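# Structural characterization, general
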Amino acid sequence: MDAVSLRPILTYEKVKEIYEKKGYAFFDTGDHNLNIFGIRCTVNSNKFDDLMGCAYRLNGKPQLKIWPVTTDAGIYWLKNPMNKKGTAILVPGQYRKVYKIGKHLNDYEALVQLGGKVRVFRDGDMDTEHDMDPATIDNGYFGVNLHRSNPFKQSYNIDKWSAGCQVHATPTGFNEMMSLARKAAEKYGNSFTYTLFEIKDFE
């Protein structure tokens, strides 16, 4: 299974079921109480071939938005790590209240890692494969943000767009996420939980 085959079978109830199966918090009461999640579908590629979604209620009715993203670093940063320990690859899991609306690279509003630490694998061998060795896991503030790629058109190759961040392929998807986040912040405060799954969780 890949992102293309997974996307049509995703529903609000299916996503909720997987959250609960993994023992993660799922926010199911109140309008715009967002469950923002990523699904790592493919590794060892330089394509936007993962998914990001948001499950929430509007007027009490379940809503589910799904967008194309990457949850992995691009080949450029795999070969040229920013960190001497190696390129960051976010470890699957739930990161409670870690994200806030803020400036990505002091440039534009995105969901940025300001509220807590995240866990990342460190891939330091500078090849084109995404190495996820538990022995390399690093915990801290690394600027692993949820942001966009090209602001004007869809991106297909990751290249320099991600050095470990969760990055939208389309400006439309990113703008939709941020619109939801702003509405949620008005009701619940500027604090968001991000949950990263693997495709095998849905098989």
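Summary of the structure given here. Think of each chain on its own: its residues are numbered from 1, step by step along the sequence as written. Since the coordinates come from a predicted model, pLDDT governs what is reported: local features require at least 70, and pairs of side-chain atoms require 80 or more to be given and counted, while whole-chain, interface and lining totals use all residues. Note: side-chain values were computed over all heavy atoms of the structure, leaving out hydrogens and water.

Attention shifts here to the side chain of R40. Mapped onto the secondary structure, R40 falls in strand β1 (residues 35–40). Any N or O atom pair separated by 3.5 Å or less is treated as a polar contact, with the protein-specific requirement of one donor-capable and one acceptor-capable atom, and with residues adjacent in sequence counted only for side-chain atom pairs. At a separation of 3.0 Å, a polar atom in the side chain of R40 contacts the main-chain carbonyl oxygen of T71. Of note is the side chain of R40, whose polar atom sits 2.9 Å from the backbone oxygen of L90. Those residues in contact with R40, other than ones at most four positions away along the chain, are D50, T71, D72, I89, L90, P92, M132, L196, F197, E198 and I199. To qualify as a helix, a DSSP run of H or I must reach at least 4 residues; to qualify as a strand, a run of E must reach at least 2; elements of each kind are numbered from the N terminus. Two residues form a contact once any of their heavy atoms are found within 4.5 Å.

We now examine the sheet that holds strand β8 (residues 138–140). An order of β4-β7-β8 is seen for the 3 strands of this open sheet, with the pairing classed as antiparallel. Of all strands in the sheet, those bounded by a partner on one side alone are β4 (87–90) and β8. In this sheet, adjacent strand axes meet at a mean angle of 45° when their direction is disregarded. One bridge is not enough; two strands pair if DSSP finds at least two bridges between them. Examined bridge by bridge, strand β7 (residues 118–123) and β8 share 3 bridges and lie antiparallel to one another. Within the sheet, the bridge partner assigned to R119 lies in β8 and is N139. Orientation is described by axes fitted as lines to C-alpha atoms, over the contacting stretch for helices, and by angles from 0 to 180 degrees between their N-to-C directions.

Let's shift gears to the nonpolar core. Nonpolar side chains tend to gather and get buried jointly when the protein is soluble and globular. Residues belong to one nonpolar core when they are buried, are Ala, Val, Leu, Ile, Met, Phe, Trp, Tyr or Cys, and are joined through side-chain atoms within 4.5 Å. Only protein chains enter the area calculation, which uses a 1.4 Å probe; residues under 20% of their type maximum are buried, those over 50% are exposed, and those in between are partly exposed. I36, Y99, L111 and F192 are the most contacted members of the largest nonpolar core, which totals 33 residues. When contributions to this core are tallied by element, the ones reaching two or more residues are β2 (50–58), β3 (61–70), β4, β5 (93–104), β6 (108–113), β7, α4 (171–188) and β11 (192–198). The residues contacting L111, other than those within four sequence positions of it, are I36, Y99, K100, I101, N145, L146, M177, M178, A181 and F192. Core analysis: the next-biggest nonpolar cluster, separate from the first, contains 18 residues, L10, V15, I39 and F202 among them.

The element β6 is extensively covered by neighbouring structure, given that 5 of its 6 residues are classed as buried. Two successive antiparallel strands, β5 and β6, enclose a turn made up of 3 residues, where L105 displays a positive phi of approximately 55°.

Let's shift gears to the environment of D131. Take D131: it is sitting in the loop between β7 and β8. According to the relative accessible area criterion, D131 is partly exposed, its value standing at 25%. Measuring from C-alpha to C-alpha, the distance between D131 and S162 comes to 16 Å, with 31 residues separating the pair along the chain. What D131 contacts, discounting residues up to four positions off in sequence, is I89, F121, D123 and D125.

All right, on to the packing of aromatic side chains then. For this analysis, a ring pair means two rings from Phe, Tyr or Trp (six-membered ring only for Trp) whose centres lie within 6.5 Å, classed as stacked if their planes differ by under 30 degrees, edge-to-face if by over 60, and tilted for the remaining angles. In this structure the tally under the stated criterion is 10 aromatic pairs. Ring geometry for Y12 versus F26: centroids 5.5 Å apart, planes at 80°, classification edge-to-face. One end of the pair, Y12, is in helix α2 (residues 12–22); the other, F26, is in the loop between α2 and β1, with 14 residues separating them in the sequence. The class for F26 is buried, based on a relative accessible area of 14%.

As a further point, take the layout of surface pockets. Taken as a whole, the largest pocket spans an internal volume of roughly 480 Å³. Only protein atoms enter the calculation, which uses a 1 Å grid: trapped sets of points that fit a 1.4 Å probe without letting it out are cavities, open sets showing protein on both sides within 12 Å along at least five of seven lines are pockets, and any residue with an atom within 4 Å of a point is a lining residue. Around the largest pocket, the lining is made up of 26 residues, and of these M82, H104, G143, A163 and C165 lie nearest the centre. Elements with a minimum of two residues in the lining of the largest pocket: β4 and β9 (146–148). Taken together, the residues that form the lining of the largest pocket break down as 11 nonpolar, 11 polar and 4 charged. Taken as a whole, the second largest pocket spans an internal volume of roughly 210 Å³. Ranked by residues supplied to the lining of the second largest pocket, first place goes to α4 with 3 residues. Grid points are joined across faces, edges and corners, and a volume is the space filled by probe spheres set on the points. Asp, Glu, Lys and Arg are counted as charged, while Ala, Val, Leu, Ile, Met, Phe, Trp, Tyr, Cys and Pro are counted as nonpolar; the rest, among them Gly, fall into the polar class.

It is worth spelling out the state of the cysteines at this point. Pairs of cysteine sulfur atoms within 2.5 Å are identified as disulfides in what follows. With the rule as written, the count across this model stands at 0 disulfides. The closest cysteine sulfur to the non-disulfide-bonded C54 is located on C41, 17 Å from its own sulfur. In this structure C165 is a free cysteine whose sulfur lies 18 Å from that of C41, the closest cysteine sulfur available. By relative accessible area, C165 is classed as buried at 9%.

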